[in-house]
Each structure stands twice: as C-alpha cells, then as structure tokens.
Amino acid sequence: MAVKPAVYGNSERPPRGDYSRGGEVAADYTCPQNYAAYTAADHDTYSRLYKRQSALLPGLACDEFIAALPSLGVSERIPRFEDINNKLFKATGWEVVAVPGLIPEVPFFTLLANRKFPVTDWIRKPEEFDYIVEPDIFHDLFGHVPLLFDPVFADHMQAYGAGGLKAHRLGACEQLSRLYWYTIEFGLMRQRGEIRAYGAGILSSAGELAYAVKNAEPQRIMLDVLRAMRTRYKIDSYQQTYFVIDSFQQLFDMTAPDFTPLYQQLRRMKELAADESLPEDAPAGTSA
Ligand code: PHE
Ligand code: CO
C-alpha cells in the first residue's frame, strides 16, 4: 500500500476506500477518478440523490449555492471531474481531484492551500441511500463543490487550508476542525431576513436540510470563532447547535486574523458540549 488511510474520531472502523488501487494513489493521496469502475447502479444512485436533493433546496439553501449548482454539469450520471474542472478552474482557479476516501490532515490542508478540493470517487450502495457514515462522491461533489464557484468562498477555502497547516504546527488541529465542522460542513447564513444553509453536510442531507433551517429544537447562534472552536460536535446525529453568518465576506473577515493567540487562549478554556448554551451567545433570530 502506497499511502496509509486516515481514521477519524475514535472510530475503530477502517475507512472503506481502497488506498492501494494497484499503485495509482500518489503520495499526495490523489488518484485518477476511476470512471470505468462505476456501474449502472452507481450512476443511478447519483442521479436519484441529485434529483431528490435539488428539489429540496428552494427556501432552504443559500442563493450562492442554488446559483452555482448547475455548474456541476450532468445529473443523470456521475460527472467526470475533468468536465467540472474545465468550468471551475476558469471561474475561481479551483480544481477537484479524486481521492480514495478520507485522507489525513496534512495532505488535506495542503491540497486546499493549493486550491485543489479532494473528492472521494466512490458512491454509496443503494441501501445507504439515506444515510452514509463517511463522505462519498455525492456528499463531496454536491455538498462542497458548488460553492467553490463563489469567489469569496473559494478564497476562504484556500485560507482554511493554509490555516490548517499552521494549526498542525501549533498542535491545534482539533480546534480548527471544529470551526470547519460548524462552518464549511454545518454552517447557516442569514439572507433577506431568513435562515439558509451553506454547509455541505446539511446541503447533501435530505433529512438535516429542513431540520437545520426550520426545526425549533436546535439552537442557532451567530458565529463566534472562539465559541465554535470550543464546541465539541456529534458525528452521528443532527447537530444541536448551528452557527450563523451574514455573508461569506463576513466569514472570510472573521477568520482572517492570526489564530495563534486564539489557540493559546483555547488551551485555558473549558470545552463546551454540543448542546451547551452560554449567556453571551447571540441568537440568530430570523431577521437580519
Ligand atoms: N487566519 C487563520 C490563522 O491564522 C487561518 C484560517 C483561515 C482559519 C480561514 C480558518 C479559516 O490560523
Ligand atoms: Co464534507
């Protein structure tokens, strides 16, 4: 095996991608998109997921996402990364690259810092249609790639990659990964006085999309970078806390300062549970 698979969280479960691929996985964890390996059932799964999810977006997904989604190209079958890249590179200088599954932190951050977004190339089995425990091509493409067409979000993702490499040097990957979780994966934003989703984990989930935006149960608070980095998260249920921004420019600006002093501060602060609330939390309300 050329490269080691990544194992996330405390899971004992081995990641399910094939990390050898007959020597086709490079040292940076990228590999060719194994297009010939997709079966008719795989293409059908993608097409049905795309159809169901895109029908759910109006009124729940942010404008930028809805506007960019058609740029993914074909939806009746799994798109070729090459075709997406022809448009994406022209739009923002980003490219998608195939990977065999989850990859370790440093290679992940390095790809992002170089404006390359790693996309798992395999798709879930039909019996996993509604729920999958690790990201597959549908989550990675449908959830993450449309917003890479947005110039501000695209710059933010690159800055995150560079920030990840710094966090790694400072031993703060866990703190920074919480920010990723509560923004890039599960972030909400206010648009025209209403809550909308921009996080990939929400946008690629049939169940969590309406839950995150509309359900009365979870708390929705305005993003505070330090607060988000203190907050643990659940990987096996809907979120109990969502953090809300007003624009991608605001997210970019809030995360632009050097995090080194924040990481130091965090070391002296206690972590917060996923459902904890603090008196200083600013509720997002429904009008901006
Ligand atoms: N500005 C952060 C730092 O100095 C890096 C970062 C950028 C983190 C964007 C998240 C998002 O470490
Ligand atoms: Co994701």
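Residues numbered from 1 in each chain as written. Chains lettered and ligands numbered in written order. Predicted model: local features only at pLDDT ≥ 70, side-chain atom pairs only at ≥ 80, totals over all residues. Heavy atoms only, no water.

**Some words on the coordination of the cobalt ion (ligand 2)**
Argument step 1. The coordination sphere of the cobalt ion (ligand 2) contains the protein donors His139 (NE2), His144 (NE2), Glu185 (OE) and Glu185 (OE), at a distance range of 1.9 to 2.8 Å.
Argument step 2. Of note is the cobalt ion (ligand 2), whose 4 donor atoms meet at the metal with angles of 51 to 136° in an arrangement that counts as irregular.
Argument step 3. Counting the intervening residues between successive donors of the cobalt ion (ligand 2) yields the motif H-x4-H-x40-E.
Argument step 4. Overall, the relative accessible area of 11% leaves His139 in the buried class.
Argument step 5. Assessed through its relative accessible area of 6%, His144 is described here as buried. (Donors = N, O, S within 2.8 Å, 3.2 Å for Na, K, Ca; no water. Tetrahedral: all angles 85-135°; square planar, octahedral: opposite > 155°, others 65-115°. Buried < 20%, exposed > 50% of the residue type's maximum accessible area, 1.4 Å probe, protein only.)

**Regarding the site of ligand 1**
Argument step 1. Residues in contact with ligand 1, as listed here, are His156, Ala159, Tyr160, Gly163, Lys166, Leu176, Leu179, Thr255, Ala256, Pro257, Asp258 and Phe259.
Argument step 2. A distance of 2.5 Å separates an oxygen atom of ligand 1 from a polar atom in the side chain of Lys166.
Argument step 3. Relative to its free-state accessible area of 330 Å², ligand 1 is covered by the protein chains to the extent of 94%.
Argument step 4. Contributing elements (two or more residues each) for the shell around ligand 1: helix H6 (151–169) and helix H7 (173–185).
Argument step 5. Element by element, the count of residues in the shell around ligand 1 is highest for H6, at 5 residues.
Argument step 6. Across the shell around ligand 1, the residue classes tally to 7 nonpolar, 3 polar and 2 charged. (Near = heavy atom within 4 Å. Polar contact = N/O pair within 3.5 Å; in protein donor to acceptor, adjacent residues only side chain to side chain. Areas by Shrake-Rupley, 256 points an atom, 1.4 Å probe, with all protein chains shown as cover. Helix = DSSP H or I, 4+ residues; strand = E, 2+ residues; numbered from the N terminus. Nonpolar A, V, L, I, M, F, W, Y, C, P; charged D, E, K, R; others polar.)

**Re the nonpolar core**
Argument step 1. Membership of the largest hydrophobic core comes to 86 residues, with the highest contact counts inside it found for Phe65, Phe117, Val145, Met157, Leu188 and Tyr198.
Argument step 2. A total of 7 residues in this core trace back to one element, the largest contributor, which is H7. (Core = buried A, V, L, I, M, F, W, Y, C linked by side-chain atoms within 4.5 Å.)

**Quick word on the packing of aromatic side chains**
Argument step 1. Enumeration according to the criterion identifies 19 aromatic pairs in this entry.
Argument step 2. An angle of 70° between the planes, with centres 6.4 Å apart, marks the rings of Phe153 and Tyr198 as edge-to-face. Linking Phe153 in helix H6 with Tyr198 in the loop between strand E4 (194–197) and helix H8 (200–203), this pair joins segments that are 45 residues apart in sequence. Here Phe153 and Tyr198 have matching classes, each one buried.
Argument step 3. When the ring of Tyr160 is compared with that of Tyr180, the centres are 4.9 Å apart and the planes differ by 45°; the resulting orientation is tilted. Within this pair, whereas Tyr160 is found in helix H6, its partner Tyr180 is found in helix H7, the two being separated by 20 residues in sequence.
Argument step 4. Overall, Tyr180 belongs to the buried group, its relative accessible area being 10%.
Argument step 5. Aromatic rings pair up to connect Tyr46, Tyr50, Phe65, Phe138 and Phe142 into one cluster. (Phe/Tyr/Trp six-rings, centres within 6.5 Å; stacked < 30°, edge-to-face > 60°.)

**Some words on the pattern of salt bridges**
Argument step 1. All told, the structure shown has 17 salt bridges when counted by the stated rule.
Argument step 2. As a salt-bridge pair, Asp63 and Arg192 come within 2.6 Å of each other at their nearest N and O atoms. Placement of the pair is Asp63 in helix H2 (residues 63–68) and Arg192 in the loop between strand E3 (188–191) and E4, with a sequence separation of 129 residues.
Argument step 3. You can call Arg192 exposed: its relative accessible area is 62%.
Argument step 4. Linking Arg77 and Glu76 is a salt bridge whose minimum nitrogen-to-oxygen distance equals 3.8 Å.
Argument step 5. Looking at Arg77, the relative accessible area reads 41%, which means it is partly exposed.
Argument step 6. Here the salt bridges do not stand alone but share partners, grouping Glu174, Arg178, Arg232 and Glu271 into one network. (Salt bridge = Lys/Arg side-chain N within 4 Å of Asp/Glu carboxyl O.)

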